[in-house]
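# A structural walkthrough
Here are the chains, one letter per residue:
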Amino acid sequence: MFSVIIPLYNKEKYIEKALQSVINQTFKEFEVIVIDDGSIDNSLAIVNRFKNEYSNITILEQANSGVSTARNNAVKVAKYDYIAFLDADDWWEENYLETIKRLIDDFPEGALFASSYFKVKNRRYIAAKIGVNQDFTRGYFDYLQAYISSPYMPVWTGAAVVKKSIFDEFNGFNPALKMGEDFDLWVRIALKYKIVLENQPLAFYNQDVEQASRAVGRKIHKPENHFLFALPQLYEQEKDNPKLKQVLDNLRVYGLFPYFLNNATRTAALKELKKVDWEKQPASEFNKYFKTSIFVSKNKMRILSILSDIKTKILKK
C-alpha cells in the first residue's frame, strides 16, 4: 500500500523518533525506505539497528546530493502505489497511515492526500491554520484558495501521500531546488488533479531542529536554488489563473524580503517583486520594501526609482 520515504542527513538526534512513529502505525501494509544522503554522524548506525529488527526497512546510500535527489532516488525503488514522505526529524500520530488509507478509499479521484499537522516550536504544538473552513472535515479541497487564506502550507510534505504514477508523471521533486521543492511539486499537481485533505493534525513538523540542519529559516540560497526564482512553468499559467497569481504574489512578498536585503541577491529579488500586483498586498508590506531600500544599497536611487514606479501604478488604479 504505502512506501514511506525518509531522506536522512545528519539527524542522529531525531531519526529514532521518526522511525518509531512509522513502526507504530496502526495500518501495517507499508515499507520504509531510508536514503542516507552522505551523513557523517551516527544516523545510519541508528537506522541499521531498526533494520536488524524490522524486515520492511530498506536502506539506500548516496553521496550528498540534497533532499530532492534523495527522495527521487528512493521513489525509484518503491514497490507500493502510494508514496508517503517523512523527514528524519519529524513524526506521525500512530493512525496517520490508517487515516490516509480511508481517504484513498473514500475519494478515489484524488492524486495527492494529506492531513493537517502541528508545527512544533519551542516544544509547543501549534495546529496549522491551513486555510480551510472550520466546519470542513475531510474531502476534496481548493489548494490554491486555502493558500490564499492562510500563510500555512495547505499540504506539508511530512503529511502528504501521493500516487506513485502521479509523482512519476511530474518527474518528482526538482533536484535543482534547495528551498521550496515541495511547493513546486504540490502546486503543479494541484493545477491538474484533485487534492484530498483530512482536516485534523496527524503529523508533527519539528521546527526545534538546529538552524544549520534546516533548509528554511535564515539561509540565503542562490536564486537558481530557490523556488521563487525558478518557476518558469508557472509564470505563464499565473497570467490566466488569478488564484495562482495571488498565491505566488503572496509568497514573493513574504519570502523575498531577505533576498532584497542581501546585496548578492537584490537584483534577482527586484525582478521577481516587479511581477507582484501590489494593489492586492498590504500597504505595510510595500512600505517595508520601500523604506528599507533607502538603507540597504549603494544603488539606492535605482532601487527607489523601480519601487516608485510600482507605487505610482498602485495609486493610479
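Provided above is the structure to which this section pertains.
Presented here is an overview of the structure given in this document. As the structure is a computational prediction, the values presented were derived from the model and not from experiment.

### So, the overall build of the chain
Helix and strand counts for the chain stand at 13 helices and ten strands. The buried share of the chain, taken over its 317 residues, is 53%. Of the contacts made within the chain by residues no fewer than 6 positions apart, 77% connect residues no fewer than 24 positions apart. Here the chain displays about 15,200 Å² of accessible surface, and carbon together with sulfur accounts for 50% of that area.

### Looking at the pattern of salt bridges
Inspection of the entire model under this criterion finds 19 salt bridges. Close ionic contact of D184 with R188 constitutes a salt bridge, the shortest N to O distance being 3.0 Å. With D184 and R188 both in helix α7 (residues 181-190), this residue pair falls four residues apart, about one helical turn. We note that D184, like R188, is buried. Close ionic contact of R252 with E238 constitutes a salt bridge, the shortest N to O distance being 2.8 Å. In this pair, R252 is assigned in helix α9 (residues 242-255) and E238 in helix α8 (residues 232-238), connecting sequence segments 14 residues apart. When sorted by exposure, R252 lands in the same class as E238, which is buried. Put simply, E238, K245, D249 and R252 are held in one network by salt bridges that share partners.

### Here we look at empty space enclosed by the protein
Taken as a whole and judged by the stated rule, the model has one cavity of 30 Å³ or more. Roughly 30 Å³ of volume is contained in the largest cavity. Around the largest cavity, the lining residues are Y143, Y147, M153, V155, D182, F183 and W186. Only α5 (143-149) and α7 provide two or more residues apiece to the lining of the largest cavity. Of the residues that constitute the lining of the largest cavity, the class distribution is six nonpolar, no polar and one charged.

### Side note on the nonpolar core
Membership of the largest hydrophobic core comes to 101 residues, with the highest contact counts inside it found for F2, I6, Y143, F183, W186 and I189. Residues within four places of W186 in sequence aside, it is in contact with F85, L112, Y143, V155, T157, A160, V162 and F173.

### Comments concerning the packing of aromatic side chains
Applying the stated rule across the entire model yields 29 aromatic pairs. Between Y117 and Y205, the ring centres sit 6.5 Å apart and the planes meet at 65°, which makes this aromatic pair edge-to-face. Of the two residues, Y117 sits in strand β6 (residues 110-121) while Y205 sits in strand β10 (residues 194-206), which places them 88 residues apart along the sequence. Judged by its relative accessible area of 1%, Y117 is buried. Taking 5.3 Å as the distance between ring centres and 20° as the angle between the ring planes, the aromatic pair formed by F118 and F204 counts as stacked. With F118 in strand β6 and F204 in strand β10, this pair connects stretches of sequence that are 86 residues apart.

### Side note on the side chain of Q62
Examined against the element boundaries, Q62 turns out to sit in the loop between β3 (57-61) and α3 (67-76). For Q62, a relative accessible area of 13% puts it in the buried group. Looking at Q62, its side chain comes within polar contact range of the side chain of D37, at 2.7 Å. A polar contact is formed between the side chain of Q62 and the side chain of N73, at a distance of 2.8 Å.

### Observations regarding unusual backbone geometry
If you check the backbone angles, N10 has positive phi at about 55° while not being a glycine. The topology assignment puts N10 in the loop between β1 (2-8) and α1 (15-23). In this structure, R123 is a non-glycine residue whose phi angle is positive, near 65°. By secondary structure assignment, the location of R123 is in the loop between β6 and β7 (124-127).

The rules behind these values
- In every chain, residue numbers begin from 1 and rise along the written sequence.
- Residues qualify for local features only when their pLDDT is at least 70, as the model is predicted, and side-chain atom pairs are given and counted only at 80 or more; totals for whole chains, interfaces and linings, by contrast, use all residues.
- Computation of side-chain values covers all heavy atoms of the structure but excludes hydrogens and water.
- Helix and strand labels come from DSSP, where a helix needs a run of H or I of at least four residues and a strand needs a run of E of at least two; each type is numbered from the N terminus.
- Exposure categories follow from relative accessible area, calculated using a 1.4 Å probe and restricted to protein chains: below 20% of the type maximum is buried, above 50% is exposed, and the middle band is partly exposed.
- Contact between two residues is taken to exist if any of their heavy atoms lie within 4.5 Å; hydrogens are not considered.
- Computed with the Shrake-Rupley method and a 1.4 Å probe, the accessible areas treat only the protein chains shown as cover for residues.
- Should a side-chain nitrogen of Lys or Arg be within 4 Å of a carboxyl oxygen of Asp or Glu, the pair is scored as a salt bridge.
- In this analysis the probe radius is 1.4 Å and the grid spacing 1 Å, with only protein atoms considered; a cavity is a set of points the probe fits into but cannot get out of, a pocket is an open set with protein on both sides within 12 Å along at least five of seven lines, and lining residues have an atom within 4 Å of a point.
- Grid points are joined across faces, edges and corners, and a volume is the space filled by probe spheres set on the points.
- All residues other than Ala, Val, Leu, Ile, Met, Phe, Trp, Tyr, Cys, Pro, Asp, Glu, Lys and Arg, Gly among them, are scored as polar; the first ten of these are nonpolar and the last four charged.
- Buried Ala, Val, Leu, Ile, Met, Phe, Trp, Tyr and Cys residues that are joined via side-chain atoms within 4.5 Å together make up what is termed a nonpolar core.
- Each aromatic pair joins two rings of Phe, Tyr and Trp (for Trp, the six-membered one) with centres within 6.5 Å, and gets the label stacked for planes under 30 degrees apart, edge-to-face for over 60, and tilted for any other angle.
- N or O atoms closer than or at 3.5 Å make up a polar contact, with two conditions inside protein: a donor-capable atom paired with an acceptor-capable one, and, for residues adjacent in sequence, both atoms drawn from side chains.

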